[in-house]
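Analysis of the macromolecular model
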Amino acid sequence: MRPGALFSSVLCSLWMAANPAAGEEAPSGGPPPLAGYSAAASRAERAWEERFRAIPSADSVREHVRALSARPHPVGSEAGKRNAEWMRDRLRAWGLEAQIETFYVLFPTPRDRSLELLEPSAFTCRLREPAVPGDPSSAQQDEQLPTYNAFSCDGDVTAPLVYVNYGIPSDYEQLERLGVDVKGCIVIARYGACFRGVKPRVAAEHGAVGCIIYSDPRDDGYYQGETYPAGPFRPADGVQRGSAIDQSTYPGDPLTPGYAAAFGAKRLALADAKSITRVPVLPISYGDAQPLLAALAGPVAPDAWRGALPITYRLGPGPAKVRLKVSSNWDLKPIHDVVARIPGAAADDEWVIRGNHHDAWVNGTQDPVSGVAAVLEEGRAFGQLLRAGWKPRRTIFLCAWDGEEPGLMGSTEWAEAHADELRRHAVLYINSDSNGRGFLDVDGSQPLEAFVNEVARDVPDPETRLSTWERRWLREIGTVAGADERKELRAARAWRLGPLGSGSDYTAFLDHLGVASLNMGFGGEDRGGVYHSIYDDFSWYTRFADGDFRYGRALAQTAGSAVMRFAGAELLPLGFTPLAAATRRFEDEVEKLLKKAREDAVEHNQRLGEGYFAAVADPKVPLPAPVPMEVPPELDFQPLRSAVDSIAACATRYDSARVRAAVRGGEALARVSLATVNQALMETERRLTLPEGLPGRPWYRHMVYAPGQYTGYGAKTFPGVREAIELKRWDEARTEIVRLAGVLKAEAALIDSAARELSQAGP
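These figures come from a predicted structure and were not determined experimentally.

This part is about the overall build of the protein chain. A count of helical and extended segments in the protein chain gives 24 helices and 16 strands. Here the protein chain, with 763 residues, has 60% of them falling under the buried criterion. The long-range share in the protein chain, meaning contacts at least 24 apart out of those at least 6 apart in sequence, stands at 80%. Approximately 28,000 Å² of the protein chain is accessible, and the part contributed by carbon and sulfur atoms is 52%. Of note, the protein chain has its 87 positive side-chain charges centred 2 Å away from the centre of its 100 negative side-chain charges.

What follows is the structure, given as structure tokens:
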């Protein structure tokens, strides 16, 4: 057995023991008690959840979606305010306490945008999306925001053009190897591979004076299938709007970092806002991009860089020269968060929070209305249960955030405004963003893994006779790469939670405040390419996404069941063997990252000494002479290994105590101080944060998960250590190993204290 196999086997056994719902029925013939529930409480909870899941209606979800996406409703618009008031009033009519909390954030809107090809021929980009016959929402031109990237700095620049593929750091490294310098140039990058705000930042770091971002049809257009209106994919004139704010530094209002953007709040000067771009940036369609790219000369782009336009992709610079002009109105705009509250009956000082944003770049039927409609439907169902006598143990919040699209503003400002309360009371945040049809996708904090698997088993998939859990599990078995991983999936009968990075409203809760979080939605069978365009509307969604809204109903059933189950549990249903397995994977990954960097440097230097590079050089393409690479030093990972071992040992003890407490239906829970154990469990995610945060970005306090500085959306696990290695900051890497080890040791001690308390509930 390989070294990691025994550990995985032990974890699988513990997971199964702690989660009898994953296996066969209980000996009595009925379903086993839910995790964290006594037998009697479990029976009552299951009965209420069955009543809940019968209430959400596809027709009701359809009407929520139709109403909320009827008009363009970006930040600061009257339509956005009306939507917020409509949701508040609906929630009140269903019997929930609901209010609007208002903040005032910086939100630039375009004053002037232009992009011209000046040489070797003249072309003026259209920079607009035409209406589509038969799609009435696409014709609401007077209400639509123009195509632009919010938080681009103002600028008017003329310079040679260079094609930089996706515009990520490795692309610039390859350009350097090919002898292409972007200094003083305007770069054109295709969407993909990272958050759009990373592209202008990396361009500026390499000396570029402007950035253009376009959607290449290979990634987002006719190469994928028929384009709208004949099919779901982005048409030639479709443009992806979006924020270019630097969310890897901090999300939320750029002028109030770390504190709420309330009326009258002290604000930074615009010049001091660190998250605004340093070069102007503008998004364009592939219809506008083709003449610009076709005008480039220079080396032919590498194979992997070539898109699907009918041209030869070249790098430049020149002879193409372009003029890029961007200016904005830099105004404060009100944002309106809708917050509904259901008081807890027994533990009202513990909060379960459910959220989705409601603002959109245009009509936003898929992003975000398909998601927020599910939250509304959950609220309607909860209202009916309350009238029937249901009372959740913990307090539940249902939230519809404003200002997500420009930079996660509504959720971030609310979290910063209520930071002290949330640190004391919040036990879980559940987020969605958009929804489609297909498979349930859930990412989040690893201690929630068993809980999510348990909930998904109880929700039927709308198109099969399977549960949403089994449909996804079977897909994972069919698509996982390795035989060992497939065997492990079959044995554990569970799927993993992926780690969270950023890009949606869980960010402030998880990364800043240390609140255990989930992000969930359905998708995978609704491919399309109208993201952030005028074509993301009711007409497109009903033709190509969840046309009958059955998966909108399924999202309400799934998320609502999770909210009810977590809010009602006597013992918070967290398990730590998945966290132990994840930290071991993450530690192994950073060690391998350093090992590969060392091997690459040694191989490069050996080839340099053998004259390899001179032998393969093309005399027609003069390139910079290769230079020796620095060989990374050895790093001492022993403190980190030891801390991971501690997590594993304490996770085993806790989950064993949890199994013993579940004996005889869980009545043994009455013999422990649930308040004491739950307080420790609530703090476990907080314990993974440090108040001083990550190097260079103190707003991000989580030491296990963070968005990557050069990915934006994608998660970096063990981010302080991992990014120090990637950026070759060896002293910083040594420091981060020690800091992270201390955090994990403290987490292990907290888990162990909960295990000791829970062990008093033995049979």
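This is not the end of the story, as more comes after the structure.
So, on to the packing of helix H19 (residues 577-609) against helix H23 (residues 719-726). Two elements in contact, H19 and H23, have axes whose closest approach is 10 Å; the angle formed by their N-to-C orientations is 10°. Put simply, H19 runs roughly parallel to H23. Contact residues: H19 offers Phe-586, Glu-589, Val-590, Leu-593 and Leu-594, while H23 offers Val-721, Arg-722, Ile-725 and Glu-726. Split into classes, the residues belonging to the contact of H19 with H23 amount to 6 nonpolar, no polar and 3 charged.

Bringing the packing of aromatic side chains into the picture now. Under the defined criterion, the tally for this structure stands at 27 aromatic pairs. The interplanar angle of 25° and the centroid separation of 5.2 Å between the aromatic rings of Phe-52 and Phe-382 together place this pair among those described as stacked. Taken together, the residues Phe-52 in helix H2 (residues 39-53) and Phe-382 in helix H9 (residues 365-387) connect sequence positions 330 residues apart. Each member of the pair, Phe-52 as well as Phe-382, is classed as buried. Aromatic rings pair up to connect Trp-351, Phe-397, Trp-401, Trp-414, Tyr-429 and Phe-509 into one cluster. The ring of Phe-439 carries Arg-471 above its face, with NZ or CZ at 4.5 Å from the centroid. The ring of Trp-473 carries Arg-493 above its face, with NZ or CZ at 4.5 Å from the centroid.

A word on the pattern of salt bridges. In this structure the tally under the stated criterion is 45 salt bridges. Notably, a salt bridge pairs Arg-565 with Glu-49, separated by 2.6 Å at the nearest N-O pair. Taken together, the positions of Arg-565 in helix H18 (residues 550-568) and Glu-49 in helix H2 put the pair 516 residues apart, joining distant regions of the chain. When the shortest N-O distance is used, the salt bridge between Glu-377 and Arg-380 registers 2.6 Å. Of this pair, Glu-377 and Arg-380 both sit in helix H9, 3 residues apart, which is roughly one turn of that helix.

Conventions used here
Residues numbered from 1 in each chain as written. Predicted model: local features only at pLDDT ≥ 70, side-chain atom pairs only at ≥ 80, totals over all residues. Heavy atoms only, no water. Helix = DSSP H or I, 4+ residues; strand = E, 2+ residues; numbered from the N terminus. Buried < 20%, exposed > 50% of the residue type's maximum accessible area, 1.4 Å probe, protein only. Contact = heavy atoms within 4.5 Å. Areas by Shrake-Rupley, 256 points an atom, 1.4 Å probe, with all protein chains shown as cover. Lys, Arg positive; Asp, Glu negative; His and termini not counted. Charge placed at Lys NZ, Arg CZ, Asp CG, Glu CD. Axes fitted to C-alpha atoms, helices over the stretch in contact; angles between N-to-C directions. Parallel < 35°, antiparallel > 145°, perpendicular 65-115°, else oblique. Nonpolar A, V, L, I, M, F, W, Y, C, P; charged D, E, K, R; others polar. Phe/Tyr/Trp six-rings, centres within 6.5 Å; stacked < 30°, edge-to-face > 60°. Lys NZ or Arg CZ within 6 Å of the ring centre and 35° of its normal. Salt bridge = Lys/Arg side-chain N within 4 Å of Asp/Glu carboxyl O.

Everything listed is a geometric property; what it means functionally is a separate question.
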